[in-house]
Amino acid sequence: MFDFDTPVDRHGTWCTQWDYVADRFGSADLLPFTISDMDFATAPCILTALQARLQHGVLGYSRWQHEDFLGAIRHWMQTRFHYHCDTAQVVYGPSVIYMVGQLIQIWSNPHDGIVTHTPCYDAFYKVVEGNERKLVTCPLTKQGNDWQCDMSVLEALLSQPQNKILLLCSPQNPTGKVWTRQELEHIADLCQRHDVKVISDEIHMDMLWDDQQHIPWGAVAKNEWALLTSASKSFNIPALTGAYGFISDKASRDQYLFHLKNRDGLSSPAILAIIAHIAAYREGHVWLDSLRPYLQANLAYVAQRLNQAFPELNWAVPQATYLAWIDLRPLAIEDQLLQKVLIEQEKVAIMPGYTYGEEGRGFIRLNVGCPRVKVEAGVTALIQAISKLKQDTCTTGTVNKTTDK
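Attention here is on the structure that accompanies the text. (Residues numbered from 1 in each chain as written. Predicted model: local features only at pLDDT ≥ 70, side-chain atom pairs only at ≥ 80, totals over all residues. Heavy atoms only, no water.)

**Re the overall build of the chain**
Argument step 1. For the chain, the count of helices and strands is 14 helices and 13 strands.
Argument step 2. The C-alpha radius of gyration of the chain comes to 21 Å, within 12% of the 22 Å expected for a compact globule of 405 residues.
Argument step 3. Projected onto the principal axes, the alpha-carbon positions of the chain cover approximately 65 × 55 × 40 Å.
Argument step 4. Counting over 405 residues, the chain shows a buried share of 55%.
Argument step 5. A sequence separation of at least 24 residues applies to 77% of the contacts in the chain between residues at least 6 apart.
Argument step 6. Surface exposure of the chain reaches about 17,000 Å², of which carbon and sulfur atoms provide 50%.
Argument step 7. If the 35 positive side-chain charges of the chain are averaged to one point and the 44 negative ones to another, these points end up 2 Å apart. (Helix = DSSP H or I, 4+ residues; strand = E, 2+ residues; numbered from the N terminus. Rg over C-alpha atoms; globule rule 2.2 N^0.38 Å. Buried < 20%, exposed > 50% of the residue type's maximum accessible area, 1.4 Å probe, protein only. Contact = heavy atoms within 4.5 Å. Areas by Shrake-Rupley, 256 points an atom, 1.4 Å probe, with all protein chains shown as cover. Lys, Arg positive; Asp, Glu negative; His and termini not counted. Charge placed at Lys NZ, Arg CZ, Asp CG, Glu CD.)

Okay, here's the thing in structure tokens:
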């Protein structure tokens, strides 16, 4: 019903991924597989709703505390995740990361510790450090093609009195890990035991594959918590801005809304974002349910091509997200050398794993939220770059070892 194969030219649209790729990679003529937006036009039902509002012609101040918006959220949470949420707990914000930053300020003091699993979304480092807190890392360990959290290590960190918040990413970015109910319940017990509040970033909640199930944090929580998310990833509308969340404690909600309105002057939401969320959650399921298998097939294509070229990788499709988190450590390829070849010779931009912390060294993150023809070009470039480095290694007799930390 929907065309995901035909490329859309995003050049000249002030697009971060395409028009500003040189900011991070130093060259403008690169094919980008970088930040996590998609190269697809958003769902037609959203575009129709936006066009109707534009045709109305008035774009004045607006509100989000109404049943049209809250009811759409309730409907989505119930139908997609069987989560009967309390919309009295809902708050609005311009972005998930903005909301994370506000809750860090409300629930902790400067120099307190914020625990998170690593490798992690690079904005976590920035928002924690930007608020003068300390990011305390709990490394995930790769076991086969799965990612595991050592709960004893996590408890040791949560038990330290200076660590006030667990910043959870569910599903986890960049690994694509889906937390099981058993894992989440264990984490909830630990946070209750050590009086640690939880901020759960669930922005990738709609992008799970096969029989994986997303469990909203509110379904397992036992003490103060916030669940933050948005339709922006799932429906490719981040440029509209707009996110929402659930904050369990009324006093914390009131304080958050005071920050939003009285301190930061954000009392009126972006009306097009509100309209887009309502349309997405009321009518967008057909489009999303057509897109998801396309994205999963893109990931399967990456696995087939990479494993055919380099069987020792044995790379498997992640449990969630359209971000291929690829472990290249079995190939003993040095990160910086690979980036140099990818950029200068293959003319592609693929996120180096060290962007997401020390535990990401030896990995790359390839965004497959795009038409298949682009994925094919990116995987071909990656295979060629690796092959060149392996050939150079054989020719010179040297070994380029990835730092394994």
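**So, the nonpolar core**
Argument step 1. Counting 135 residues, the largest nonpolar core has Ile46, Leu154, Phe235, Tyr281 and Ile326 as its most contacted members.
Argument step 2. Per-element accounting of this core gives the leading share, 10 residues, to helix 12 (residues 285-309).
Argument step 3. Beyond its immediate sequence surroundings of up to four residues, Ile326 is in contact with Val302, Leu306, Trp315, Gly362, Phe363, Ile364, Leu366 and Leu382. (Core = buried A, V, L, I, M, F, W, Y, C linked by side-chain atoms within 4.5 Å.)

**Re helix 7 (residues 151-158)**
Since the α-helix advances by 3.6 residues per turn, residues separated by three or four positions end up pointing in the same direction.
Argument step 1. Buried residues of helix 7: Met151, Leu154, Leu157 and Leu158, and no others. Each buried residue of helix 7 sits inside an arc of 120° when the element is viewed along its axis, so together they form one side.
Argument step 2. Turning to helix 7, the residues buried within the fold contact strand 3 (113-118), strand 4 (134-139), strand 7 (163-169) and helix 8 (181-193). (Arc of directions from axis to C-beta.)

**Comments concerning the sheet that holds strand 8 (residues 197-201)**
Two pairing modes exist for strands in a sheet, parallel and antiparallel, and in both the strands are linked by backbone hydrogen bonds.
Argument step 1. Strand order in the open sheet formed by 7 strands is 2-10-9-8-7-3-4, and the pairing between neighbours is mixed. Strands with a single pairing partner mark the edges of an open sheet, and in this sheet they are strand 2 (90-93) and strand 4. Looking at each pair of strands side by side, their axes are set apart by 25° on average, direction ignored.
Argument step 2. By the bridge criterion, 5 bridges tie strand 7 to strand 8 in an arrangement that is parallel. Considered in strand 8, the bridge of Leu168 is made with Ser200.
Argument step 3. Along the sheet, helix 10 (residues 250-263) contacts strand 2 and strand 10 (243-247); its crossing angle with strand 2, the most-contacted strand, is approximately 20°. (Pairing = 2+ DSSP bridges. Axes fitted to C-alpha atoms, helices over the stretch in contact; angles between N-to-C directions.)

**Here we look at the pairing of strand 4**
Argument step 1. Of the pairings in the sheet, the one linking strand 3 to strand 4 comprises 6 bridges and is parallel in character. By the bridge assignment for strand 4, Gly113 is matched with Lys134.
Argument step 2. Between strand 3 and its parallel partner strand 4, the chain crosses via helix 6 (residues 122-130), and the hand of that crossover is right-handed. (Right-handed = clockwise from strand over helix to strand, strands pointing away.)

**Let's talk about the pairing of strand 3**
Argument step 1. Among the 6 residues of strand 3, 6 are classified as buried, and the element is accordingly described as predominantly covered.
Argument step 2. Burial along strand 3 is two-sided: Gly113, Val115 and His117 facing one way and Ile114, Thr116 and Thr118 facing the other are all buried.
Argument step 3. Relative to strand 7, strand 3 runs parallel, the two sharing 4 bridges. By the bridge assignment, Gly113 is partnered in strand 7 with Asn163.

**Digging into helix 4 (residues 67-81)**
Argument step 1. Across its 15 residues, helix 4 extends 20 Å between first and last C-alpha, which sits within 8% of the 21 Å expected from 1.5 Å per residue.
Argument step 2. Those residues of helix 4 that fall on the buried side of the exposure criterion are Phe69, Leu70, Gly71, Ala72, Ile73, Trp76, Met77 and Phe81.
Argument step 3. Among the structural elements, strand 2, strand 9 (225-229), helix 9 (232-235), strand 10, helix 11 (271-283) and helix 12 are those in contact with the buried residues of helix 4.
Argument step 4. His82 sits one or two positions beyond helix 4 and adopts a positive phi of about 55°. (Expected span 1.5 Å × (residues − 1).)

Nothing here speaks to function; it is all geometry.
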